[in-house]
Amino acid sequence: TTLFRNGLYTHLVYYNRQRHVQEAYRQLGLALGVDAEMGRPASPHVSDAERQSVRARLGQWGSGGRRLLLVNPNAGDLCLERRWMPERFARLAAHFSAREDTAVVLTGSPAEAEYTESVRQMITPELRTRVMNAAGALDFGEFLALIERADVLVTGDSGPLHLAVALGTPTVSVFGPCAPEAYRPLEGHHRVLSSSVYCSPCLHWVDEPPCAGENLCMQRIGWHEVAAATAELL
């Protein structure tokens, strides 16, 4: 029960987990007398210095002047079941790194650098040198500038997805434990992939995923589906 909250808050708003999360925030606004349209979130600020720093980095990595594909193989510790299979991320990165017109950069936080590198190591040596690991190499402002510069971001249901949406960068996202209907981008050039299994979306209703890590909802999304959506946006 949440009835105890009656004594803690001045405004109570029902949270409908089957509607988009932006709609829930809009209801909060309406309760306070503020109406706002749903759609693309406000864009975070990116400075010219951060953009220049990223251009220099891409030049050092030999990625300048080509289409830029960012691949984020990570998901927050809150639910690692949201993470798509590392070998499929590796196959996707290898597939596009073989194209002369496309540069591939893996992303992640400093804490995710080791895992991100393990994904990169799954790529064959001849293609691995064409894939950069930027996890932990950029500060937050530079990371925003990198997303802003990208032609496409491929990611699971995670923070970088929503940053990319706010920055106007096209995305391909894979959803499993969370419902795409609640967190998908609402406007812009985006492709959302999910697989309908009986227990998904579990995280809207339970504290721990019932699969205990055997995330069939993610395993049933093939790499070729993600590659096709990515190629379409590129």
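Residues numbered from 1 in each chain as written. Predicted model: local features only at pLDDT ≥ 70, side-chain atom pairs only at ≥ 80, totals over all residues. Heavy atoms only, no water.

**Brief notes about the overall build of the chain**
Here is the rule we go by: Helix and strand definitions here come from DSSP, where helices need a minimum of 4 consecutive H or I residues and strands a minimum of 2 consecutive E residues; each element is numbered from the N-terminal end. Throughout, radius of gyration means the C-alpha value; the globule benchmark is 2.2 Å times the number of residues raised to the power 0.38. With a 1.4 Å probe rolled over the protein chains alone, any residue whose accessible area is under 20% of its type maximum counts as buried; one over 50% counts as exposed, and the rest are partly exposed. In this analysis, two residues are considered to be in contact whenever any of their non-hydrogen atoms come within 4.5 Å of each other. Charge convention: Lys and Arg are scored as positive, Asp and Glu as negative, and His as well as the terminal groups of each chain are ignored. To locate a charge, the coordinates of NZ of Lys, CZ of Arg, CG of Asp or CD of Glu are taken.
The helix and strand tally for the chain stands at 10 helices and 6 strands. Since a compact globule built from 234 residues should have a radius of gyration of about 17 Å, the 19 Å found for the chain is in line with a globular shape. Taking the principal axes of the C-alpha coordinates as reference, the chain spans close to 60 × 40 × 30 Å. Counting the 234 residues in the chain, one finds 44% classified as buried. Pairs at least 24 apart in sequence give 66% of the contacts found in the chain among residues at least 6 apart. Of the side-chain charges in the chain, 22 are positive and 26 negative, and the distance between the mean point of each set is 4 Å.

**Remarks on the packing of aromatic side chains**
How we decide: Each aromatic pair joins two rings of Phe, Tyr and Trp (for Trp, the six-membered one) with centres within 6.5 Å, and gets the label stacked for planes under 30 degrees apart, edge-to-face for over 60, and tilted for any other angle. When the NZ atom of lysine or the CZ atom of arginine is within 6 Å of a ring's centre and also within 35 degrees of its normal, the charge is said to sit over that ring.
Applying the stated criterion to the full structure yields 1 aromatic pair. Between the NZ or CZ atom of Arg83 and the centre of the ring of Tyr115, over which it lies, the distance is 3.9 Å.

**Here's the deal with the pattern of salt bridges**
Keep this limit in mind: The term salt bridge refers to a side-chain nitrogen of Lys or Arg lying within 4 Å of a carboxyl oxygen of Asp or Glu.
Applying the stated criterion to the full structure yields 11 salt bridges. Measuring nitrogen to oxygen at the nearest pair gives 3.0 Å for the salt bridge that ties Arg51 to Asp48. One end of the pair is Arg51 and the other is Asp48, both in helix α2 (residues 48–60) and 3 residues apart, which spans about a single turn. When its relative accessible area of 27% is taken as the criterion, Arg51 is described as partly exposed.

**Observations regarding the state of the cysteines**
Rules: Here, the term disulfide refers to a pair of cysteine sulfur atoms separated by no more than 2.5 Å.
Applying the stated criterion across every chain yields a total of 0 disulfides. Not engaged in a disulfide, the cysteine Cys79 finds its nearest cysteine sulfur in Cys202; these two sulfurs lie 6.1 Å apart. In this structure Cys79 comes out as buried when scored by relative accessible area, which is 3%. We note that Cys199 lacks a disulfide partner, and the nearest cysteine sulfur, in Cys202, lies 6.2 Å from it.

**Considering the nonpolar core**
Our working definition: In plain words, nonpolar cores are sets of buried Ala, Val, Leu, Ile, Met, Phe, Trp, Tyr and Cys residues tied together by side-chain atoms within 4.5 Å.
Ranked by size, the top nonpolar core spans 31 residues in total, and within it Trp84, Val154, Val172 and Val226 carry the most contacts. Per-element tally for this core: the top contributor is helix α3 (residues 86–97), with 6 residues. Every residue in contact with Val172, bar those within four places of it in the chain, is listed here: Val152, Leu153, Val154, Thr155, Arg191, Leu193, Val226, Ala229, Thr230 and Leu233. Counting 19 residues, the second-largest nonpolar core is a separate cluster that includes Val46, Val54, Phe143 and Leu153.

**Considering helix α7 (residues 159–167)**
Among all positions of α7, only Pro160, Leu161, Ala164, Val165, Ala166 and Leu167 are buried. Buried-residue contacts for α7 involve β1 (67–72), α6 (140–149), β4 (152–156), β5 (171–175) and β6 (190–194). The positive-phi residue at the C-terminal boundary of α7 is Gly168, with phi of around 80 degrees.

**Some details on a nonpolar patch on the surface**
Rules: Residues enter patches when their relative accessible area tops 30% and they take part in no salt bridge; the joining distance is 9 Å for like charges and 5 Å for the nonpolar side chains Val, Leu, Ile, Met, Phe, Trp and Tyr. For every accessible area listed, the method is Shrake-Rupley and the probe measures 1.4 Å; residues are considered covered only by the protein chains on display.
A surface patch of nonpolar side chains, about 350 Å² in accessible area, is lined by Leu8, Tyr9 and Leu12. Positionally, Leu12 belongs in the segment before α1 (21–31).

**Let's talk about the packing of α3 against helix α10 (residues 223–233)**
Selection rule: Orientation is described by lines fitted to C-alpha atoms, with helices fitted over the stretch in contact, and by angles between N-to-C directions that extend from 0 to 180 degrees. For classification purposes, angles smaller than 35 degrees are called roughly parallel, those larger than 145 roughly antiparallel, those between 65 and 115 roughly perpendicular, and all remaining angles oblique. Should the near helix be turned anticlockwise from the far one by less than a right angle, the crossing is termed left-handed; should it be turned clockwise, right-handed. When residue character is reported, Ala, Val, Leu, Ile, Met, Phe, Trp, Tyr, Cys and Pro are called nonpolar, Asp, Glu, Lys and Arg charged, and the others, Gly included, polar.
Running from N to C, α3 and α10 cross one another at 40 degrees; their axes reach a closest spacing of 10 Å. Judged by the angle between their axes, α3 and α10 are oblique. Crossing hand, α3 versus α10: right-handed. Facing α3, whose interface residues are Arg88, Arg91, Leu92, His95 and Phe96, α10 presents Trp223, Val226, Ala227, Thr230 and Ala231. Split by residue class, the contact of α3 with α10 holds 6 nonpolar, 2 polar and 2 charged.

**Topic: the environment of Ser200**
The following threshold applies: Any pair of nitrogen or oxygen atoms within 3.5 Å is treated as a polar contact; in protein, a donor-acceptor pairing is required on top of that, and neighbouring residues in sequence qualify only through side-chain atoms on both sides.
Along the polypeptide, Ser200 turns up in the loop between β6 and α9 (216–219). Separated by 20 residues in sequence, Ser200 and Arg220 have C-alpha atoms that sit 12 Å apart. Each residue touching Ser200, except ones within four places of it in the same chain, is listed here: Gly176, Pro177 and Cys217. Within polar-contact distance, the side chain of Ser200 engages the backbone oxygen of Gly176 at 2.4 Å.

Function cannot be read off these values alone, since they describe shape.
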